[in-house]
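This is what each chain is made of:
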Amino acid sequence: GESVGLHLPTLSVQEGDNSIINCAYSNSASDYFIWYKQESGKGPQFIIDIRSNMDKRQGQRVTVLLNKTVKHLSLQIAATQPGDSAVYFCAEREDKIIFGKGTRLHILP
Amino acid sequence: DAGITQSPRYKITETGRQVTLMCHQTWSHSYMFWYRQDLGHGLRLIYYSAAADITDKGEVPDGYVVSRSKTENFPLTLESATRSQTSVYFCASTHRILAEAFFGQGTRLTVV
């Protein structure tokens, strides 16, 4: 069946370093993927998306990489800041949006 | 105010009672979704709707009922609340298939 999951539940990163959050998906027919950020007490917030006809997409300080061969998605955050501390979810979209379990990003001072 | 709003923000109800969570969006988005979020389970899809009068089950629909008579509203009803339905509920909307969804602030529901 469909599943979207994350490799690590918690990631601790030194402030100023780059963060890499990984995600595996199982539905090879998925053609649209989204990364969301969720801060404590708030709803998920869109970060960046990528379609299956792309390998890489860049935003402001964030990059999403898609490897369709191994069905792997990653989110890279450059120069991690305290405000990046949150839970990050990957999601795949067909007519519905299915989320992975989430990775908590913890920033070390 | 424009956007997507959920009400109430907090609700405490008793086991066996019916409770309805409201979701309203002002964008005329076609798609709307209901998720529940529990510790260790991330966001799980309860029901979704592709348009008015069209709804479909998600991953965990049992015990919930939805309706969508108007594009902007997507209420979620727990017909007979159980303690296992204690959770944070999020509503979301999106205007087309290949587009990100926008989420409400969530409703924290406690069933005692």
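Before any of the text, the structure's been laid out above.
Keep in mind it's a predicted model, so treat the numbers as computed, not measured.

Asks: Please clarify how the state of the cysteines should be interpreted in this entry.
Replies: Here is the idea: a disulfide is a covalent bond, and it sits between the sulfur atoms of two cysteines. Residue and element names in this part refer to chain A. Under the defined criterion, the tally for this structure stands at 2 disulfides over all chains. With a sulfur-sulfur separation of 1.8 Å, cysteine 23 is cross-linked through a disulfide to cysteine 90. Its S-S torsion of about 55 degrees marks the bond between cysteine 23 and cysteine 90 as right-handed, since a negative value means left-handed. One end of the pair, cysteine 23, is in strand S3 (residues 19-25); the other, cysteine 90, is in strand S9 (residues 86-93), and 67 residues separate them in sequence. Taking relative accessible area as the criterion, cysteine 23 reaches 1% and is therefore assigned buried.

Asks: How do you make sense of the pairing of S9 of chain A when you look at a structure like this?
Replies: Along any regular strand the residues' side chains alternate between the sheet's two faces. Residues and elements named next belong to chain A. Taking burial as the measure, the 8 residues of S9 include 8 buried ones, the bulk of the element. Alignment of strand S4 (residues 32-38) against S9, held across 6 bridges, turns out to be antiparallel. By the bridge assignment, lysine 37 is partnered in S9 with tyrosine 88. In this sheet, strand S11 (residues 103-108) lies alongside S9 in antiparallel orientation, the contact comprising 3 bridges. Each residue of the ladder has a partner; that of alanine 86, found in S11, is leucine 105. Hairpin remark: S9 followed by strand S10 (residues 97-99), antiparallel, with 3 residues in the connecting loop.

Asks: Teacher, can you tell me more about the interface of chain B and chain A here?
Replies: Interface size is often expressed as the accessible area that is lost when the parts come together. Each partner contributes residues to the interface: chain B has 23 residues there, and chain A has 22 residues. A combined buried area of about 1,800 Å² lies between chain B and chain A, and 56% of that area is made up of carbon and sulfur atoms. If you sort the residues of chain B by the area they bury against chain A, Leu43, Leu98 and Glu100 of chain B come out on top, with a joint share of 29%. Here chain B is connected to chain A by 0 salt bridges. Elements with a contribution of two residues or more to the side of chain B that touches chain A: strand S4 (31-38), strand S5 (42-51) and strand S9 (87-94) of chain B. Partitioned by chemical class, the residues of the side of chain B that touches chain A number 12 nonpolar, 7 polar and 4 charged.

Asks: Looking at this model, I keep getting lost on the environment of asparagine 73 of chain B. Mind explaining?
Replies: Residues and elements named next belong to chain B. Tracing the backbone shows asparagine 73 in the loop between strand S7 (64-66) and strand S8 (76-78). Exposure remark for asparagine 73: the relative accessible area of 26% places this residue in the partly exposed category. Separated by 50 residues in the primary sequence, asparagine 73 and cysteine 23 have C-alpha atoms spaced 5.7 Å apart.

Asks: Please explain the sheet that holds S8 of chain B as it appears in this structure.
Replies: Strands in a sheet are paired, the pairing made by backbone hydrogen bonds, and the direction either parallel or antiparallel. Residues and elements named next belong to chain B. With antiparallel pairing, 4 strands are arranged side by side in an open sheet as S1-S3-S8-S7. Here the strands that pair on one side only, and so sit at the sheet edges, are strand S1 (4-7) and S7. The sheet shows a mean angle of 20 degrees between the axes of neighbouring strands, direction not considered. Note: strand S3 (residues 19-25) against S8, 3 bridges, orientation antiparallel. Within S8, the position partnered with valine 19 by the bridge is leucine 78.

Asks: Looking at this structure, I do not really get the packing of aromatic side chains. What am I missing?
Replies: Two numbers describe a pair of aromatic rings. These are the distance of the centres and the angle of the planes. This model, assessed by the stated rule, comprises 13 aromatic pairs over all chains. Each ring, one from phenylalanine 99 of chain A and one from phenylalanine 103 of chain B, has its centre 5.9 Å from the other, and the planes form 75 degrees; the classification is edge-to-face. One end of the pair, phenylalanine 99 of chain A, is in strand S10; the other, phenylalanine 103 of chain B, is in strand S10 (residues 102-103), on a second chain. Phenylalanine 103 of chain B shares its class with phenylalanine 99 of chain A; the two are buried. Taken together, the aromatic side chains of Tyr36, Phe46, Phe89 and Phe99 of chain A together with Tyr31, Phe33, Tyr35, Tyr48 and Phe103 of chain B make up a single cluster linked through ring pairs. In this structure, arginine 93 of chain A packs its charged tip against the face of tyrosine 31 of chain B, placed 4.9 Å from the ring centre. Here the basic side chain of arginine 68 of chain B rests over the ring of phenylalanine 74 of chain B, its NZ or CZ set 6.0 Å away from the ring centre.

The rules we used
Residues numbered from 1 in each chain as written. Chains lettered and ligands numbered in written order. Predicted model: local features only at pLDDT ≥ 70, side-chain atom pairs only at ≥ 80, totals over all residues. Heavy atoms only, no water. Disulfide = S-S within 2.5 Å. Helix = DSSP H or I, 4+ residues; strand = E, 2+ residues; numbered from the N terminus. Buried < 20%, exposed > 50% of the residue type's maximum accessible area, 1.4 Å probe, protein only. Pairing = 2+ DSSP bridges. Contact = heavy atoms within 4.5 Å. Buried area = accessible area lost by both parts, 1.4 Å probe. Salt bridge = Lys/Arg side-chain N within 4 Å of Asp/Glu carboxyl O. Nonpolar A, V, L, I, M, F, W, Y, C, P; charged D, E, K, R; others polar. Axes fitted to C-alpha atoms, helices over the stretch in contact; angles between N-to-C directions. Phe/Tyr/Trp six-rings, centres within 6.5 Å; stacked < 30°, edge-to-face > 60°. Lys NZ or Arg CZ within 6 Å of the ring centre and 35° of its normal.

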